Amino acid sequence: MIYAIISIIVMGIVLLAISFFMNDRIEEVESQLEQFSITTMQDTYQMKKKIKILEEELLTEDFTDERVENK
């Protein structure tokens, strides 16, 4: 009985020590998700910026077209 308890404790200590040296897959996934999120936010920002520029150009063209037609 004592041998079983000692072997369980030793196995627990060994597994605990091994767990500190193993690569944490959750950290890798979190890092990839964070990178993906940053990339997506950058793409969204660039698209919004381009859309704003296009809208401003279209509005400017509309005003110039109306002025030319009114003259």
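Model, not experiment: these values are computed from the prediction. Numbering of residues starts from 1 in each chain and follows the order in which that chain's sequence is written. Whole-chain, interface and lining totals are the exception, using all residues; otherwise, since this is a predicted model, local features are given only for residues with pLDDT of at least 70 and side-chain atom pairs are given and counted only at 80 or more. The basis for every side-chain value is the complete set of heavy atoms in the structure, and neither hydrogens nor water enter the calculation.

Draft legend 1. Broad picture of the overall build of the protein chain. Numbering of helices and strands runs from the N terminus; a helix is a DSSP stretch of H or I covering at least four residues, while a strand is a stretch of E covering at least two. Secondary structure summary: the protein chain contains two helices and zero strands in total. Only protein chains enter the accessibility calculation, which uses a 1.4 Å probe; a residue is then buried when its area is under 20% of its type maximum, exposed when over 50%, and partly exposed in between. Counting across all 71 residues of the protein chain, residues that qualify as buried make up 0%. Summed over its atoms, the accessible surface of the protein chain is roughly 7500 Å², and 65% of this surface lies on carbon and sulfur atoms. Computed by Shrake-Rupley with a 1.4 Å probe, the accessible areas treat only the displayed protein chains as cover when residues are assessed.

Draft legend 2. Seen up close, the UniProt feature "transmembrane region" (unreviewed entry) in the protein chain. UniProt records the feature "transmembrane region" (unreviewed entry) for residues 6-23 in the present numbering. Helix makes up 89% of residues 6-23 and strand 0%, with an end-to-end C-alpha separation of 28 Å. UniProt positions are given in the numbering used here, feature names are shortened, and annotations may be inferred rather than shown by experiment.

Draft legend 3. Region of the structure containing a negative patch on the surface. Taken together, Asp24, Glu27, Glu28, Glu30 and Glu34 make up a surface patch of like negative charges. Tracing the sequence through the fold places Glu34 in helix α2 (residues 25-70). Candidate patch residues must exceed 30% relative accessible area and have no salt bridge, after which like charges are joined if within 9 Å and Val, Leu, Ile, Met, Phe, Trp or Tyr side chains if within 5 Å. What makes a salt bridge here is a side-chain nitrogen of Lys or Arg within 4 Å of a carboxyl oxygen of Asp or Glu, nothing more. Counted as positive: Lys and Arg. Counted as negative: Asp and Glu. His and the chain ends are not counted at all. For the purpose of locating charges, the reference atoms are NZ of Lys, CZ of Arg, CG of Asp and CD of Glu.

Draft legend 4. Inspection of a nonpolar patch on the surface at higher detail. Residues Ile2, Ile6, Val10, Val14, Leu15, Ile18 and Met22 make up a contiguous nonpolar surface patch of about 680 Å² in total accessible area. Here Ile18 lies in helix α1 (residues 2-21).

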